[in-house]
Amino acid sequence: MLLCDDHAVVRAGLLALLSSAPGIEVVGEAGGGEEAVVLAARLRPDVVLMDLQLGPGMDGIEATRRIVTDAAARTDTSGTASSTTAAPTSPTPVTRTAAGAERGGPYVLVLTTYDTDADITRAIDAGATGYLLKAERPEELFSAIRAAAEGRTTLSSPVASRVMARARGAARPSLTDRERDILGQLARGLGNREIARALFISEATVKTHLGRIYDKLGVDTRAGAVAVAKEQRLLP
């Protein structure tokens, strides 16, 4: 995984903490958004642990958007991205998983002190897979990193409460059976190609249904769709 935080002391603390977590390997660190984008493209980690406020220059939201967009572009250009995963050990290092290879790039897990509605919405809309607060216990951070490496969404309790409150304020969307099937596969962290294979449909059909799902749920990203679906109990 790749760390991005503009405070050197915070990065050092995270490095020390993560070095004690079995199966989690830090392959790089960045002190700013621009550096994070460059390193994410070069190192191809499964997870980028991203702070939101990064001082002068590119903030964490824009860095997240660039990293996710670049990953999607690589996958669209080359199909399924190549993987260099070594023979599995126990526990499996968080470096490159099948889910990460399918998507073609890293998943972004936000780690911040900010839990405002605006920050949460912007991060999820930018493509963040999870949103964690720095007040969480180390075990929760480790669990969230492993979940993110598999493409699964993790939200801190206060963040989940805000997402739930927002979801409750909206009318419950009506999804077709096929849209529910695709949403269920999405929640498992599958990419478009894997979903197509699992449901015996084309990737183009998957993309069409995803567009409709996003419209109905009022989101722009896969992580946002899964988060809203979980809160509204829309998953099959």
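Below is a short write-up of the structure.

Rules used in this analysis
- Residues numbered from 1 in each chain as written.
- Predicted model: local features only at pLDDT ≥ 70, side-chain atom pairs only at ≥ 80, totals over all residues.
- Heavy atoms only, no water.
- Helix = DSSP H or I, 4+ residues; strand = E, 2+ residues; numbered from the N terminus.
- Buried < 20%, exposed > 50% of the residue type's maximum accessible area, 1.4 Å probe, protein only.
- Areas by Shrake-Rupley, 256 points an atom, 1.4 Å probe, with all protein chains shown as cover.
- Core = buried A, V, L, I, M, F, W, Y, C linked by side-chain atoms within 4.5 Å.
- Contact = heavy atoms within 4.5 Å.
- Salt bridge = Lys/Arg side-chain N within 4 Å of Asp/Glu carboxyl O.
- Pairing = 2+ DSSP bridges.
- Axes fitted to C-alpha atoms, helices over the stretch in contact; angles between N-to-C directions.

**Structural notes on the overall build of the chain**
Alright, step 1. Helix and strand counts for the chain come out as eleven helices and five strands.
Alright, step 2. Burial analysis of the chain (236 residues in total) assigns 49% to the buried set.
Alright, step 3. Just so you have it, the chain exposes about 10900 Å², and 53% of that area is on carbon and sulfur atoms.

**Re the nonpolar core**
One recurring pattern in soluble globular proteins: nonpolar side chains tend to sit buried together.
Alright, step 1. Leu 183, Leu 186, Ile 195, Leu 217 and Ala 225 are the most contacted members of the largest nonpolar core, which has 20 residues in total.
Alright, step 2. Looking at this core, the elements with two or more residues in it are α8 (177-187), α9 (192-199), α10 (203-217) and α11 (222-231).
Alright, step 3. In terms of residue count, the dominant contributor to this core is α10 (five residues).
Alright, step 4. Ile 195 has contacts with Ile 182, Gln 185, Leu 186, Leu 190, Val 206 and Arg 222, leaving out every residue within four places of it along the chain.
Alright, step 5. Within the second largest apolar cluster, 17 residues are counted, among which are Leu 18, Val 47, Leu 109 and Ala 144.

**Some points on the pattern of salt bridges**
Alright, step 1. This structure, assessed with the given rule, holds twelve salt bridges.
Alright, step 2. Note that Glu 62 is salt-bridged to Arg 66, the shortest N-O span being 2.8 Å. Residue Glu 62 and its partner Arg 66 are located together in helix α3 (residues 60-78), separated by four residues, close to a single helical turn.
Alright, step 3. When its relative accessible area of 24% is taken as the criterion, Glu 62 is described as partly exposed.
Alright, step 4. Judged by its relative accessible area of 39%, Arg 66 is partly exposed.
Alright, step 5. Bridged by salt links that share partners, the residues Asp 5, Asp 51 and Lys 134 form one connected network.

**Comments concerning the sheet that holds strand β1 (residues 2-4)**
Alright, step 1. Pairing within the open sheet is parallel, and its five strands lie in the order β2-β1-β3-β4-β5. Each of the sheet's edge strands pairs with one partner strand only, and the pair in question is β2 (28-30) and β5 (130-133). Strand-to-strand, the axes of this sheet are offset by a mean angle of 20°, without reference to chain direction.
Alright, step 2. Summarising the sheet, β1 and β2 pair through three bridges and their orientation is parallel. Bridge pairing links Leu 3 to Glu 29 in β2.
Alright, step 3. Relative to β1, helix α1 (residues 8-18) is tilted by about 150°, and along the sheet it contacts β1, β2, β3 (47-50) and β4 (107-112).
Alright, step 4. In the packing of helix α2 (residues 33-43) onto the sheet, contacts are made with β1, β2 and β3, and the angle to β2 comes to roughly 160°.

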